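# Residue-level structure breakdown
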Amino acid sequence: AQGYLTHTLPVKPLTTFHVKSLVSVIWMFLIHLFSLLSVFGLIYALVDPMIWKIISPDIFASFENVAYEMYGLTMLEYTAMLIVSITLSPVITMMMIGLSCSIGQLFHRQKVAASIVAGIILYFVNQIISTAFSIPQFIETDLSDYSGIAANYGPTIWGTLGISAIFALICYIGCNII
C-alpha cells in the first residue's frame with residue numbers, strides 16, 4: 001500500500017509516516033486495553049462470584065485513603081496519571097522505533113543491526129533521563145515516612161511523564177529530519 005501511495009498519488013513521505021505512526025499507536029493502545037480487560041476477566045473468573053456482592057463502596061473509600069496517605073494522590077489524580085501513562089506509552093514506543101529505524105537507514109551496511117542498536121541506545125537514554133529526574137526528588141526524603149514519599153510521588157511521576165513526552169517529541173522531530 002505504501003508503494004502505491006508514494007508512487008502513484010502525490011503523498012509526501014511524512015504523511016505516510018504519520019499514518020503508520022497513528023495506526024501503530026492505536027493498535028498498541030488497543031493491545032494494552034485488551035490485555036488489561038483480559039486480566040480483569042481472569043481475576044473475575046477466578047474469584048468466587050459471591051465476593052462481588054460483599055465488596056462495598058466503603059472498601060474503595062478505604063483504598064483511596066490508603067493511597068492518599070502513601071502517595072499523596074486522590075483516586076481521580078491516580079486514574080488520570082494511569083490514563084496519561086497508558087496513552088503515552090505506545091506513542092513513546094512508536095517514536096523510538098521510528099527514530100531507530102531512521103538512524104539505521106543512515107548506515108550503508110548492516111542497517112537492521114544499526115536500527116536495533118539505535119533502539120537499545122534510545123531506550124537506555126530515555127530510562128537514564130527519567131531516573132536522573134526521579135532520584136533528586138527522593139534524596140532527602142525519609143523513605144520510612146510515608147508523608148515524605150507522598151509529598152514527592154505525584155510531582156515526580158508527572159514530571160517523568162512530561163520528560164517522556166518531550167523525549168517522544170524529540171524522537172518525532174528526529175524522524176522528520178532524518
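Described in the following lines is the structure provided in the data block. All values reported here derive from a predicted model rather than from experimental measurement. (Residues numbered from 1 in each chain as written. Predicted model: local features only at pLDDT ≥ 70, side-chain atom pairs only at ≥ 80, totals over all residues. Heavy atoms only, no water.)

### Section: the overall build of the protein chain
Of regular secondary structure, the protein chain possesses 7 helices and 0 strands. Every one of the 178 residues in the protein chain was classed for burial, and the buried ones make up 23%. As displayed, the protein chain offers around 12400 Å² of accessible surface, 74% of which is attributable to carbon and sulfur atoms. (Helix = DSSP H or I, 4+ residues; strand = E, 2+ residues; numbered from the N terminus. Buried < 20%, exposed > 50% of the residue type's maximum accessible area, 1.4 Å probe, protein only. Areas by Shrake-Rupley, 256 points an atom, 1.4 Å probe, with all protein chains shown as cover.)

### Structural notes on the nonpolar core
Counting residues in hydrophobic clusters, the biggest one holds 14 residues, and the most contacted among them are Ile-92, Met-95, Met-96, Leu-99, Leu-122, Phe-167 and Cys-171. For this core, the secondary-structure elements that each account for two or more residues are α5 (75-105) and α7 (146-177). The dominant element in this core, judged by the number of residues it contributes, is α5, at 6 residues. Every residue in contact with Met-96, bar those within four places of it in the chain, is listed here: Leu-122, Tyr-123, Asn-126, Phe-167 and Cys-171. (Core = buried A, V, L, I, M, F, W, Y, C linked by side-chain atoms within 4.5 Å. Contact = heavy atoms within 4.5 Å.)

### Examining α5
For α5, built from 31 residues, the straight-helix expectation of 45 Å at 1.5 Å per residue is met to within 8% by its first-to-last C-alpha distance of 45 Å. The sharpest bend along α5 comes to roughly 25 degrees, located at Leu-88, with the proline Pro-90 sitting one to four residues further on. Burial in α5 covers these residues: Met-81, Leu-88, Pro-90, Ile-92, Met-94, Met-95, Met-96, Gly-98, Leu-99, Ser-100, Ser-102 and Gly-104. (Expected span 1.5 Å × (residues − 1). Bend = angle between axes of the 7 residues up to and from the residue.)

### Notes on the packing of aromatic side chains
Overall, the coordinates contain 1 aromatic pair when judged by the stated rule. The interplanar angle of 65 degrees and the centroid separation of 5.7 Å between the aromatic rings of Tyr-123 and Phe-124 together place this pair among those described as edge-to-face. Among the residues examined, Phe-124 registers a relative accessible area of 48% and is labelled partly exposed. (Phe/Tyr/Trp six-rings, centres within 6.5 Å; stacked < 30°, edge-to-face > 60°.)

### Focus on the side chain of Thr-160
Its location among the elements puts Thr-160 in helix α7. Setting aside residues no more than four positions away along its own chain, Thr-160 makes contact with Ser-130, Phe-133 and Ser-134.

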